[in-house]
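Next come the chains, spelled out residue by residue.
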Amino acid sequence: MKILFLKKLPLPFVLFSVAALLFSSINLIPVQEIGAEGGNFGGGTGTSTNPYIVEDIDDLQAMKDDLTAYYKLAGDINASDTVGWNDDAGFEPIGGITRFSGGFDGDGHTITGLVINRPSTNNVGLFGHVGDDAGTTIIKNVNLVDFDIVGARGTGTLIGRVTGNANTLIENCSSVGGTVTGTGATGGLIGSHNSHQETPGGTDNPVLIYSFADVSVSFAGTGAGDKFGGLVGCSQKGTVSNSYARGSVTHTGPGERVGGLAGCIDLRGELINSYSTGKVETTNCTLVGGLVGNRDGPGFNIGVVTNSFWDTETSGQTSSAGGTGKDSSEMQTKSTFTDAGWNFDDIWDIDPAKNYGYPYLSWEDFEPIELTITGDFTAQNKVYDGNNEAQFDTDNLSLDGVDSEFDNVSLTDVEIVFSDENVGTDKTVYITSAVLSGDDAGKYTLSLVDAPTAEADITQRPLEITAESDSKVYDGSPLTNTGFSITDGTLASGDSLDAVTVTGSQTQVGTSDNVPSAAVITDGDGTDVTANYSITYENGTLTVTER
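Values in this document were obtained by computation on a predicted structure and should not be read as measured data.

**Considerations on the overall build of the protein chain**
Counting its regular elements, the protein chain contains seven helices and 50 strands. On C-alpha atoms alone, the protein chain measures out to a radius of gyration of 36 Å, which is more than a quarter above the 24 Å that the 2.2 N^0.38 rule sets for 547 residues. Based on the C-alpha atoms only, the size of the protein chain along its principal axes is roughly 135 × 60 × 45 Å. The buried share of the protein chain, reckoned over its 547 residues, is 50%. Considering only contacts within the protein chain whose residues lie at least 6 apart along the sequence, 71% involve residues at least 24 apart. Within the protein chain, one finds 26 positive and 74 negative side-chain charges whose respective centroids are separated by 14 Å.

In structure tokens:
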């Protein structure tokens, strides 16, 4: 976090930022490996200056055994094995009845494939329950990708429930490419984001800042069915700043308080400089909004929305309990946000080729999304021509991985080749190159790994070689001529006819055949490619006349 940001933020932000800066100055001192139930940390003592080093999914799970310690990721973690853990209930959330009140620094790394399947359990997420009434709790710099999270009330991808104070900070975190399902207070990043204070007021709110989610959020179909949002299910008595949500929120009802970013920001919840674009679809629900579903509170304790927006086109919602609705073009225009005082020097960036043209956080590292080719094709047979180029007979190819709701990307200029240029039957034909076209092609890259293949034949090239004819008047010596020429067909480009054996001789008056055979044809590298030709030979005639 940069001090430049803090000068523009309220006092509570300054307090938690001091704690954040202390935690960020982590000095990794190698020590003897520390043991933990289910995992062995790669070092550290669990303090803010020497955190436990989390190296794999077992270490990550072991964090539940010490909820006041500090931890740091050593690298990316593949969590896909959690699908079969605990009788298919998956990963056990870190913190429950007892809150996680230590520190966690993802150090910019990614946790991929996390699975939690606990439909009857409250407070479900990577962290189940987080916060403290007086101390400092920090979760930062971690990215979740391709997850499947199912819980009851208080369900999120990163955190199920926050019950904290102004020194409870979640920053620089994201969740992308997965699903989260709950019965209430369910969000794309955090389910319930709430102060430990029972009375509203906005003076001791936990803070979510510089974070985003692109997650499919949905109602489980049972339970209270309230408070669903693309980033947070509810942020009553919580502060959300400089963050966004781009995932869909689907609620089949009955229910209430559903929004593109937050289901509610009641009781002096705060939403500052944030936006949402995701589709909000509900059935038999009340208090539904493109950005926020509800922001009630007695007297001055109503929720506060400051300089925040939602996309009226992509969300399908024309109203919200707070914020300003803009069409997609306006949401992809920098001045919409700079006119509202957003900081595009240190906090935000915007680029038509990134994040679908919407603003994104400066810390985000955009990598092109990899697409693959699916479908099938057939290739034409051909006569040997000295190269391995192939032509389509039919083409039913398509792209896999495009966000069809937003992006215009197509597959063009596809080229196919045989495995080599030589004659053969059922030769493999594969895709050697293709081009991504369309307005949004710059957001993607194309992989040809496991692309479809076909089979086709290369047949021999016909060629006729004729020996030269010759004649002379009898002089007592034999008449011979070893000349030859190609009289039908052509050589493939780059090939040359190097030699032909011609045998024939006529000594006495009369005629005889001049017989060609054993041609040798080579390519430009000097390799013998005679087998790629079907050669017929025509005789010449040698004639000796009377003297």
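**Observations regarding the sheet that holds strand E11 (residues 153-155)**
What the five strands build is an open sheet, ordered E11-E15-E19-E24-E29; its pairing is parallel. Across the chains shown, the open sheet's two edge strands, defined by having one partner strand only, are E11 and strand E29 (285-289). Strand-to-strand twist across the sheet, computed as the mean angle between neighbouring axes with direction ignored, equals 10°. For strand E24 (residues 255-259) and E29, the ladder comprises four bridges, and the chain directions are parallel. Bridge pairing in E29 links Gly 255 to Cys 285.

**Examining the layout of surface pockets**
Counted as a void, the largest pocket has a volume near 1,100 Å³. If you trace the largest pocket, you find 37 residues lining it, with Val 176, Asp 214, Tyr 356, Phe 366 and Ile 369 closest to the centre. Mapped onto the lining of the largest pocket, the elements with two or more residues apiece are strand E9 (137-145), strand E14 (174-182), strand E18 (212-219) and strand E36 (369-379). Residues that form the lining of the largest pocket fall into these classes: 13 nonpolar, eleven polar and 13 charged.

**Considerations on the side chain of Thr 137**
Assignment of secondary structure puts Thr 137 in strand E9. Aside from chain neighbours lying at most four places away, what touches Thr 137 is Phe 100, Ser 101, Gly 102, Val 130, Gly 131, Asp 132, Asn 167, Thr 168 and Leu 169.

**Re the nonpolar core**
Leu 60, Leu 126, Phe 127, Ile 139 and Leu 158 are the most contacted members of the largest nonpolar core, which totals 58 residues. If you list the elements that add at least two residues to this core, you get strand E3 (52-54), helix H3 (57-62), strand E4 (70-73), strand E6 (103-112), strand E8 (127-130), E9, strand E12 (159-164) and E18. Considering each element in turn, this core owes the most residues, four residues, to E18. Contacts of Ile 139, omitting those with residues within four sequence positions, involve Phe 100, Phe 104, Phe 127, Val 130, Leu 158, Ile 159, Leu 169, Ile 170, Glu 171 and Cys 173.

**Digging into the environment of Gly 289**
Residue position: Gly 289 is located in strand E29. Taking the relative accessible area as the measure of exposure, Gly 289 reaches 0% and is therefore buried. With 30 residues separating them along the chain, Gly 289 and Gly 259 place their C-alpha atoms 4.8 Å apart. Apart from residues no more than four positions distant in its own chain, Gly 289 is found in contact with Val 258, Gly 259, Gly 260, Val 280, Gln 317, Ser 319 and Ser 320.

**Overview of the packing of aromatic side chains**
Taken as a whole and judged by the stated rule, the model has 22 aromatic pairs. A ring pair is formed by Tyr 275 and Phe 337, whose centres lie 6.2 Å apart and whose planes are at 50°; its orientation type is tilted. Separated by 62 residues along the polypeptide, Tyr 275 in strand E27 (residues 275-276) and Phe 337 in helix H7 (residues 334-338) bring together distant segments of the chain. The class for Tyr 275 is buried, based on a relative accessible area of 0%. Ring pairing ties together the aromatic residues Phe 212, Tyr 244, Tyr 275, Phe 309, Phe 337, Trp 342, Trp 348, Tyr 358 and Trp 363, which thus form one cluster.

Calculation rules
- Residues numbered from 1 in each chain as written.
- Predicted model: local features only at pLDDT ≥ 70, side-chain atom pairs only at ≥ 80, totals over all residues.
- Heavy atoms only, no water.
- Helix = DSSP H or I, 4+ residues; strand = E, 2+ residues; numbered from the N terminus.
- Rg over C-alpha atoms; globule rule 2.2 N^0.38 Å.
- Buried < 20%, exposed > 50% of the residue type's maximum accessible area, 1.4 Å probe, protein only.
- Contact = heavy atoms within 4.5 Å.
- Lys, Arg positive; Asp, Glu negative; His and termini not counted.
- Charge placed at Lys NZ, Arg CZ, Asp CG, Glu CD.
- Pairing = 2+ DSSP bridges.
- Axes fitted to C-alpha atoms, helices over the stretch in contact; angles between N-to-C directions.
- 1 Å grid on protein atoms, 1.4 Å probe; cavity = no way out; pocket = protein on both sides within 12 Å on 5 of 7 lines; lining within 4 Å.
- Points joined across faces, edges and corners; volume = space filled by probe spheres on them.
- Nonpolar A, V, L, I, M, F, W, Y, C, P; charged D, E, K, R; others polar.
- Core = buried A, V, L, I, M, F, W, Y, C linked by side-chain atoms within 4.5 Å.
- Phe/Tyr/Trp six-rings, centres within 6.5 Å; stacked < 30°, edge-to-face > 60°.

Fair warning: the whole summary comes from geometry, so function is off the table for now.
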